[in-house]
Amino acid sequence: MVERLVEQQLVLRHDIERLAQGCHHDPYGILGLHQLATLSGSAWVVRCWLPSAEAAWLPVDEATRFDLHRIEGSDLFIVFLEEAEKQILGPHFSVAWQESDEQVHSVVSPYSFVPQIGELDTHLFSEGRHWHAYNMLGAKPMKVDGISGVRFSVWAPAAERVSVVGDFNGWHGLRHPMRVLGSSGVWEIFIPGLQAGDLYKFEIRNAQSGRVFTKIDPFVQSMEKRPDTGCLVYETSYQWQDQNWQSKQQSYDWQKSPINIYEVHLGSWQRTDDGRFLNYAEIAHRLVEYVKWMGYTHIELLPITEHPLDQSWGYQTTGYFAPTSRFGTPDDFRYFVDIFHQNDIGVFLDWVPAHFPKDEFGLGRFDGSALFEHEDSRLGEHQDWGTYIFNFGRNEVRNFLIANALYWLKEFHIDGLRVDAVASMLYLDYSRDDGQWLPNKYGGRENLEAIDFLKELNHEVHSQCPGATVMAEESTSWPMVSRPTWMGGLGFSMKWNMGWMNDTLEYFSKETVFRAYHHSELTFSQMYAYSENFILPLSHDEVVHLKGSLIEKMPGDDWQRAANLRLLLSYQLLHPGKKLLFMGSEFAQWQEWSESKALDWHLCDQPLNRGVQLCTRRLNHLYRELPALHERDFISEGFQWIDCHDYEQSILSFLRWSEQQHLVCVFNFTQIPREHYRIGVPSTGRYQVVFNSDDEQFYGSEWLLEGCFEAQELPWMNQPYSIELSLPPLASVVLMLEQ
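Residues numbered from 1 in each chain as written. Predicted model: local features only at pLDDT ≥ 70, side-chain atom pairs only at ≥ 80, totals over all residues. Heavy atoms only, no water.

Novice: Explain the overall build of the chain residue by residue, including any values.
Specialist: Assigned secondary structure in the chain consists of 16 helices and 35 strands. Counting over 739 residues, the chain shows a buried share of 60%. Within the chain, contacts between residues at least 6 apart in sequence are counted, and of these 70% link residues at least 24 apart. With the model as given, the accessible surface of the chain reaches about 29,300 Å², and the carbon-plus-sulfur share is 48%. Treating the 59 positive side-chain charges of the chain as one cloud and the 100 negative ones as another, the clouds have centres 2 Å apart. (Helix = DSSP H or I, 4+ residues; strand = E, 2+ residues; numbered from the N terminus. Buried < 20%, exposed > 50% of the residue type's maximum accessible area, 1.4 Å probe, protein only. Contact = heavy atoms within 4.5 Å. Areas by Shrake-Rupley, 256 points an atom, 1.4 Å probe, with all protein chains shown as cover. Lys, Arg positive; Asp, Glu negative; His and termini not counted. Charge placed at Lys NZ, Arg CZ, Asp CG, Glu CD.)

Okay, here's the thing in structure tokens:
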């Protein structure tokens with residue numbers, strides 16, 4: 001035995017040094033059970049690296065154990081076994097050790113297990129086509145040969161060594177070094193005895209610099225509450241109850257359906273009386289009741305992926321696969337989505353693939369190299385935001401992002417994604433001066449790799465998740481954003497109409513006396529309204545950064561501001577395109593939105609604010625009930641001007657069409673009532689007023705407007721018939737032909 005120990009000490013000296021330095025490239029080649037070739041036949045050796053052990057042994061049963069012997073001057077313990085002893089030990093052996101405090105520990109050796117990730121998985125990931133990579137990488141509770149534990153895996157090709165560290169090993173980076181799987185750059189280890197709830201991170205040693213640092217798991221599914229950044233092993237046990245909703249989604253025709261989105265920041269929609277965050281369940285029940293009452297079809301959540309800074313609103317994501325722990329666990333968030341689906345309300349998620357923050361614990365320089373980002377700052381950094389840009393040309397990075405999108409859609413039943421800052425991805429010179437960006441291979445400013453990524457993203461989402469929608473926040477005139485990839489488009493379902501939003505808010509900010517000179521800001525949208533599948537957004541971006549709330553943007557006294565806001569909201573709901581409104585705007589919150597406190601719900605008790613809220617509610621229900629307002633949002637056959645030229649009186653009128661009905665929509669953008677105003681209509685019969693934003697219940701002036709109007713055989717405004725109205729001030733009116 002002594003001779004063998006001496007022999008092993010000489011043979012392993014180099015390995016011992018590298019294990020001690022934390023830079024061994026193949027710990028599985030040394031640690032665990034290994035066969036030795038001898039002249040007398042098979043012999044075996046067990047090696048264990050135990051940095052804090054005073055004594056160690058391999059327990060078999062109460063009567064049998066094999067003592068381990070320390071290699072002098074090292075933390076490596078070994079024992080030699082004959083064939084019969086090896087059979088007694090078994091394939092997965094336990095290691096016990098006593099520390100200086102006389103505490104005894106015992107675990108099944110991680111180094112007795114073969115790799116738990118197959119070559120097909122690593123091959124698909126390297127090719128960028130492993131769409132369920134979240135099942136391969138990260139921390140996965142599982143059983144191997146009947147032994148419970150957690151498999152950890154991470155992609156870190158520039159690492160010399162990767163270890164799992166956590167409470168279970170005293171955050172000691174030399175206790176659980178991982179194996180690298182071929183040339184894939186994927187590191188893996190199965191650690192028996194660990195379970196859901198255990199805390200962990202990865203300790204990484206860079207191969208070039210030798211620098212050692214800790215990182216969160218890029219695929220972590222649950223994290224500690226900020227400011228802590230530890231990863232939690234997580235395993236879902238949630239039982240979904242939204243089967244009816246999911247079944248309908250398979251054949252959901254979103255193009256012809258009403259989509260009216262209530263945009264929500266979960267941390268500031270409502271809070272407890274003492275200012276604490278509500279949890280996912282509390283928010284779900286309050287919010288779903290309100291959304292149903294208001295008549296919205298969907299909610300859209302500002303990013304709820306884990307992020308360290310409240311003030312970032314979720315746009316500085318660090319945990320791409322983890323719902324933020326501010327409001328509860330991942331299964332709590334599943335419950336949140338489930339409650340909405342059970343109440344026939346869809347859930348969209350704001351998703352951020354355009355950039356990620358530079359926090360030391362996050363994705364930046366993950367393995368000591370520019371792994372997820374570009375090395376060159378002219379390609380890899382957003383100067384405006386102080387963040388990194390994903391390297392969309394790298395297979396594994398594209399795979400990370402597309403798998404992440406599919407993860408939210410499949411694992412959390414999210415109904416669609418709003419992709420943030422698409423313009424910043426499309427252009428290499430986005431917000432850069434000359435000399436601060438690099439052209440593509442053709443010398444142009446288009447980011448060809450990002451374009452390919454977006455097309456692949458949309459193709460996979462639409463292929464794998466029927467009924468799901470992907471919406472682009474794209475602020476330029478990039479062509480065919482919402483056209484299929486086979487037509488040469490980017491493949492998005494819909495695009496935010498930033499031009500409509502900017503022109504409309506610019507118009508409404510004008511004093512009414514000047515609006516006649518800006519009439520085209522309202523009519524211009526019809527020049528391009530059907531070039532894309534547009535959403536009309538009045539989003540959070542318009543009520544922050546000293547821009548003021550929507551009602552603050554309106555001119556005039558308080559009554560005129562409220563009337564203007566009701567007019568703006570009705571113009572949005574009646575104009576072709578799907579709709580989005582940020583929380584608080586529906587009841588005319590006066591203060592600019594702040595993520596640090598709840599909305600001013602007490603205002604809903606005030607007549608002005610309550611009137612705007614009831615007006616919004618009526619519009620929402622009208623939009624859902626009348627096919628003419630949503631069936632043909634994306635085609636010109638759903639819209640027809642009656643008169644777009646009456647700039648002198650600042651009046652617009654148009655028709656909205658479906659196959660079975662038409663609506664007459666008239667807008668007076670001044671505070672001057674227009675009596676005896678004749679409007680052309682396409683049909684004879686009686687036209688009934690179905691909406692008047694000046695209604696008394698909406699805090700309007702209740703300007704005299706009869707309920708029904710008989711069409712006269714008097715051609716007007718290129719229509720065969722006409723009716724005469726008295727238009728209220730700063731108001732919109734909708735009329736429908738009686739059946």
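Still to come is the rest of the account.
Novice: So what's going on with the packing of aromatic side chains? Which residues, and what values?
Specialist: Here the structure, examined in full by the defined rule, presents 59 aromatic pairs. Between Tyr 407 and Trp 408 the ring centres are 5.4 Å apart and the planes differ by 75°, which places this aromatic pair in the edge-to-face class. Assigned by exposure class, Tyr 407 and Trp 408 land together as buried. The positively charged end of Arg 334 is found above the aromatic ring belonging to Phe 412, 4.2 Å away from the centroid. (Phe/Tyr/Trp six-rings, centres within 6.5 Å; stacked < 30°, edge-to-face > 60°. Lys NZ or Arg CZ within 6 Å of the ring centre and 35° of its normal.)

Novice: Can you break down the pattern of salt bridges residue by residue, with the values?
Specialist: Two side chains bearing opposite charge may form a pair once their charged atoms approach each other closely. The tally for this structure, following the rule as stated, stands at 32 salt bridges. In this structure, Asp 376 engages Arg 378 in a salt bridge whose closest nitrogen and oxygen atoms are separated by 2.8 Å. With a relative accessible area of 34%, Arg 378 lands in the partly exposed category. Each member of the salt-bridge network shares a partner with another, and the members are Arg 226, Glu 306, Asp 310 and Arg 326. (Salt bridge = Lys/Arg side-chain N within 4 Å of Asp/Glu carboxyl O.)

Novice: Got a sec to walk through the environment of Ser 377? Specific residues and values, please.
Specialist: Relative to the assigned elements, Ser 377 resides in helix H8 (residues 377–380). Assessed through its relative accessible area of 38%, Ser 377 is described here as partly exposed. For the pair Ser 377 and Leu 438, spaced 61 residues apart in the sequence, the C-alpha separation amounts to 9.9 Å.

Novice: So what's going on with the layout of surface pockets? Residues and values would help.
Specialist: A probe matching the size of a water molecule, rolled over the atoms, marks out where space remains unfilled. What the largest pocket holds in volume is close to 560 Å³. Looking at the largest pocket, it is lined by 22 residues, and the ones nearest its centre are Trp 313, Tyr 315, Trp 385, Asp 420 and Asp 541. Broken down by element, the lining of the largest pocket gets its largest block of residues, three residues, from helix H10 (residues 422–426). Residue classes in the lining of the largest pocket are distributed as eight nonpolar, eight polar and six charged. Considered as a void within the structure, the second largest pocket measures approximately 450 Å³ in volume. (1 Å grid on protein atoms, 1.4 Å probe; cavity = no way out; pocket = protein on both sides within 12 Å on 5 of 7 lines; lining within 4 Å. Points joined across faces, edges and corners; volume = space filled by probe spheres on them. Nonpolar A, V, L, I, M, F, W, Y, C, P; charged D, E, K, R; others polar.)

Novice: Which residues make up unusual backbone geometry, and what values do they have?
Specialist: Backbone torsion omega between Arg 226 and Pro 227 reads 5°, so that peptide bond is classified as cis. Along the chain, Pro 227 turns up in the loop between strand S14 (212–215) and strand S15 (231–232). One non-glycine residue with positive phi stands out, namely Ala 421, at about 55°. For Ala 421, the position within the fold is in the loop between strand S23 (416–419) and H10.

Novice: With reference to specific residues and values, describe the sheet that holds strand S26 (residues 534–538).
Specialist: The parallel closed barrel is built from eight strands, whose spatial order is S16-S17-S20-S23-S24-S25-S26-S27. Direction aside, the axes of adjacent strands within the sheet are offset by 25° on average. Here two bridges tie strand S25 (residues 494–496) to S26, and the two strands are oriented parallel to one another. Across the sheet, Lys 495 pairs through a bridge with Phe 534, a residue of S26. Its contacts with the sheet put helix H6 (residues 280–294) on strand S16 (260–264) and strand S17 (298–301), and the angle it makes with S16 is roughly 145°. Against the sheet, helix H12 (residues 498–508) engages S25 and S26, with an angle of about 40° to S26. (Pairing = 2+ DSSP bridges. Axes fitted to C-alpha atoms, helices over the stretch in contact; angles between N-to-C directions.)

Novice: So what's going on with a nonpolar patch on the surface? Which residues, and what values?
Specialist: On the surface, Val 513, Phe 514 and Tyr 517 cluster together to form a nonpolar patch covering roughly 390 Å² of accessible area. Locating Tyr 517 in the fold gives a position in the loop between H12 and helix H13 (520–523). (Patch = residues over 30% accessible without salt bridge, like charges linked within 9 Å, V, L, I, M, F, W, Y side chains within 5 Å.)

Novice: Would you mind going over empty space enclosed by the protein in detail, with residue names and values included?
Specialist: This model, assessed by the stated rule, comprises eight cavities of 30 Å³ or more. Counted as a void, the largest cavity has a volume near 120 Å³. Those elements that place two or more of their residues in the lining of the largest cavity are H8 and H10. Class assignment for the residues of the lining of the largest cavity results in eight nonpolar, three polar and three charged. Surrounding the second largest cavity, 14 residues form its lining, Met 583, Gly 584, Ser 585, Gln 589 and Gln 591 being those nearest its centre. Grouping the constituent residues of the lining of the second largest cavity by class yields eight nonpolar, five polar and one charged.

Novice: Mind laying out the nonpolar core, listing which residues take part and the relevant values?
Specialist: Residues Phe 152, Tyr 262 and Phe 336 are the most contacted members of the largest nonpolar core, which totals 195 residues. Top element by residues in this core is helix H9 (residues 395–411). It accounts for ten residues. Counting residues in each nonpolar core, the second largest holds 20 residues, with Tyr 677, Val 689, Ala 711 and Leu 735 among its members. (Core = buried A, V, L, I, M, F, W, Y, C linked by side-chain atoms within 4.5 Å.)

Novice: Residue-level account of the sheet that holds strand S32 (residues 686–692), with values.
Specialist: One open sheet accounts for six strands, arranged S28-S29-S30-S35-S32-S33; its pairing is antiparallel. In this open sheet, the two strands that pair with only one neighbour each are strand S28 (639–643) and strand S33 (708–710). Neighbour-to-neighbour, the strand axes of the sheet open up by a mean angle of 25°, direction not taken into account. Here S32 runs beside S33; their pairing, made up of three bridges, is antiparallel. Each residue of the ladder has a partner; that of Tyr 687, found in S33, is Phe 709. Contacting strand S29 (651–657), strand S30 (662–668), S32 and strand S35 (731–737), helix H15 (residues 558–574) crosses the sheet at an angle of about 150° to S30.

Novice: Go over the state of the cysteines with me, naming the residues and quoting the values.
Specialist: Considering all chains together, one arrives at zero disulfides under this definition. Looking at Cys 708, it has no disulfide partner, and the nearest cysteine sulfur is the one in Cys 665, 17 Å off. (Disulfide = S-S within 2.5 Å.)

Novice: So what about the pairing of strand S34 (residues 721–727)? Which residues, and what values?
Specialist: Within S34, five of the seven residues are buried, leaving the element largely enclosed by the surrounding structure. Judged from the six bridges that link them, strand S31 (residues 674–681) and S34 form a sheet pairing that is antiparallel. Each residue of the ladder has a partner; that of Val 681, found in S34, is Tyr 721.

Novice: Outline H15, supporting the account with residue identities and numerical values.
Specialist: With 17 residues, H15 should reach 24 Å at 1.5 Å per residue; the first-to-last C-alpha distance of 24 Å fits that figure. For H15, the tally of buried residues reaches 13 of 17 residues, placing the bulk of the element in the interior. For H15, the N-terminal capping position is held by Asp 557, with its side-chain oxygen 3.2 Å away from the main-chain nitrogen of Trp 559. (Expected span 1.5 Å × (residues − 1). Polar contact = N/O pair within 3.5 Å; in protein donor to acceptor, adjacent residues only side chain to side chain.)

Just geometry here; none of it tells us what the structure is for.
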